[in-house]
Amino acid sequence: MSYWTGKRVLVTGGGGFLGSHVAEKLRAKNPGSVFVVRQRDYDLTAEEHVKRLFAEHPADVLLHLAGYVGGIGANKARPADFFYRNLMMNTLTLHHAWKTGVQKVVASAAGCGYPEHAPMPLKEASLWNGYPQEESAPYSLAKRMLHVQANAYWRQHQFPVINTIPGNIYGPYDNFDLENAHVIPALVRKFVVAAAPKKGSGTLNAKVPDPFFGAEKHEQVVIWGTGTPTRDFVYAGDVADGILRAAEVYDQPQLVNLSAGQETSIYDVVTALAAITAYNGKIVWDSSRPDGQSRRLFDITKARTELGWTPATSLREGLAQTVEWYRANRATARNCE
């Protein structure tokens, strides 16, 4: 009998990017029941909705993956929204999970919550040793408060909340909207569109027009920044495995990194995507656009030793799978302007 046998599991954000991977992996473990929370049905920033959620769907385990997320541009344009929405949904959801008898919560925190100048690789013990990167601070500090709430509810109520900190997640089901996407989905969309045969030849571009650019601009792809910043990219399906493993292993509040433990530059990602998509046009680096944080690398020693978890998908393999998925699902993927 597995940990999940007979368990009623609630997954907030289960229709989103990471949540879709977690829900898929979870169902394969045959729990007692799985309920995926949809934003259209329950607004987790409104307490009356959160109360109704737990009244209608009592749970043994809560996987709290809901969040209001976006790229650098979106964080700069709407910092108050990112702070308020994430703070409220986290605080209310965890409080009412405890109040209604949930046995355990595993939540997804934010890698950008680490201090901007923390030494690399980022260790869990460094989370509170400084201020995060300015542009994403409203979002990342709201997510950082998950750790405070977890420790507070354990000390007063012995309620276990485990916070996982993913690296830079990418993969199928991501948000490919160029205004709000993170770096890899934005790049995947640009290269898939640019590498496709030109409009008017009965190809994918003719069937699914893309406002990103017209056919006459297929000869170049413009990339934000200089390409020098590094990130620790990790495939979403691997993070999903780590989240489920954390639920199985931990019974007290914990903070654990789930990433690849490898540093990759944006330039190297661009080079790989050009090769995977067979794009032969010009690549233009727009250095007037922000680079964001210069480096990011996670220490995953704790996940290895305590969870027995390491990511199974190489970056090249994961990028190829993401390109394949986006090509097949471009018409219905989240890619609105």
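Small disclaimer: the values here were computed from a predicted structure and weren't measured. (Residues numbered from 1 in each chain as written. Predicted model: local features only at pLDDT ≥ 70, side-chain atom pairs only at ≥ 80, totals over all residues. Heavy atoms only, no water.)

**Topic: the nonpolar core**
Point 1. Val22, Leu63, Ile243 and Leu307 are the most contacted members of the largest nonpolar core, which has 27 residues in total.
Point 2. Elements that contribute at least two residues to this core include exactly strand E1 (8-12), helix H1 (17-27), strand E3 (61-64), helix H8 (236-249), strand E10 (254-258) and helix H10 (301-307).
Point 3. Tallying contributions element by element places H8 first for this core, with seven residues.
Point 4. Among the nonpolar cores identified, the runner-up in size contains 25 residues, and Ile266, Val270, Ala272 and Val323 belong to it. (Core = buried A, V, L, I, M, F, W, Y, C linked by side-chain atoms within 4.5 Å. Buried < 20%, exposed > 50% of the residue type's maximum accessible area, 1.4 Å probe, protein only. Helix = DSSP H or I, 4+ residues; strand = E, 2+ residues; numbered from the N terminus.)

**Notes on the sheet that holds E3**
Point 1. Pairing in this open sheet of six strands is parallel, and the strands run E2-E1-E3-E4-E5-E10 from one edge to the other. If you trace the sheet from one side to the other, it starts and ends with strand E2 (33-37) and E10, each paired once. Across this sheet, the average inter-strand angle for adjacent strands is 15 degrees, counted without regard to direction.
Point 2. As paired strands, strand E4 (residues 104-108) and strand E5 (residues 161-166) are joined by four bridges and run parallel to one another. Directly across from Val106, in E5, lies its bridge partner Ile162. (Pairing = 2+ DSSP bridges. Axes fitted to C-alpha atoms, helices over the stretch in contact; angles between N-to-C directions.)

**Focus on the confidence of the model for the chain**
Point 1. Mean pLDDT over the chain works out to 91, with 93% of the residues at or above the 70 mark.
Point 2. Counting contacts from residues 199-208, a segment whose pLDDT is below 50, to residues more than four positions away or on other chains yields 16 contacts. (pLDDT = per-residue confidence, 0-100. Contact = heavy atoms within 4.5 Å.)

**Details of the pairing of E3**
Point 1. The two faces of E3 match: Val61 and Leu63 on one face and Leu62 and His64 on the other face are all buried.
Point 2. Relative to E3, E1 runs parallel, the two sharing four bridges. Residue pairing for E3: Val9 is matched across the bridge by Val61.

**Let's talk about empty space enclosed by the protein**
To find leftover empty space, a probe the size of one water molecule is rolled over the atoms.
Point 1. Under the counting rule described, the total for this entry stands at one cavity of 30 Å³ or more.
Point 2. Around the largest cavity, the lining residues are Ala109, Ala110, Gly113, Leu127, Ser140, Lys143, Arg144, His147, Asn163, Ile165 and Leu255.
Point 3. Looking at the lining of the largest cavity, the element that brings in the most residues is helix H5 (residues 137-157), giving four residues.
Point 4. Considering only residue class, the lining of the largest cavity consists of five nonpolar, four polar and two charged. (1 Å grid on protein atoms, 1.4 Å probe; cavity = no way out; pocket = protein on both sides within 12 Å on 5 of 7 lines; lining within 4 Å. Points joined across faces, edges and corners; volume = space filled by probe spheres on them. Nonpolar A, V, L, I, M, F, W, Y, C, P; charged D, E, K, R; others polar.)

**Quick word on the pattern of salt bridges**
Point 1. Counted by the stated rule, this structure contains ten salt bridges.
Point 2. Between Asp251 and Lys104 there is a salt bridge whose closest N-O contact spans 2.9 Å. Here Asp251 is found in the loop between H8 and E10, whereas its partner Lys104 is found in strand E4, with 147 residues between them in sequence.
Point 3. Note on Asp251: relative accessible area 51%, which makes it exposed.
Point 4. Residue Lys104 is classed as buried on the basis of its relative accessible area, which comes to 4%.
Point 5. The residue Asp286 makes a salt bridge to Arg289 at a minimum N-O spacing of 3.6 Å.
Point 6. A residue is classified by how much of its surface remains accessible, and Asp286, at 23% relative accessible area, is partly exposed.
Point 7. Among the residues examined, Arg289 registers a relative accessible area of 39% and is labelled partly exposed.
Point 8. Here the salt bridges share partners, and the residues they tie into one network are Lys29, Arg245 and Glu248. (Salt bridge = Lys/Arg side-chain N within 4 Å of Asp/Glu carboxyl O.)

**Thoughts on the packing of H1 against H8**
Point 1. H8 packs onto H1 with a crossing angle of 60 degrees between their chain directions and a minimal axis gap of 8 Å. Put simply, H1 runs oblique to H8. Like other packed secondary-structure pairs, H1 and H8 cross with a definite hand, here right-handed. Here H1 contributes Phe17, Leu18, His21, Val22, Lys25 and Leu26 to the contact with H8, which in turn contributes Ala236, Gly237, Val239, Ala240, Asp241, Ile243 and Leu244.
Point 2. Classifying every residue of the contact of H1 with H8 by side-chain character gives nine nonpolar, two polar and two charged. (Parallel < 35°, antiparallel > 145°, perpendicular 65-115°, else oblique. Left-handed = near helix turned anticlockwise from the far one by under 90°.)

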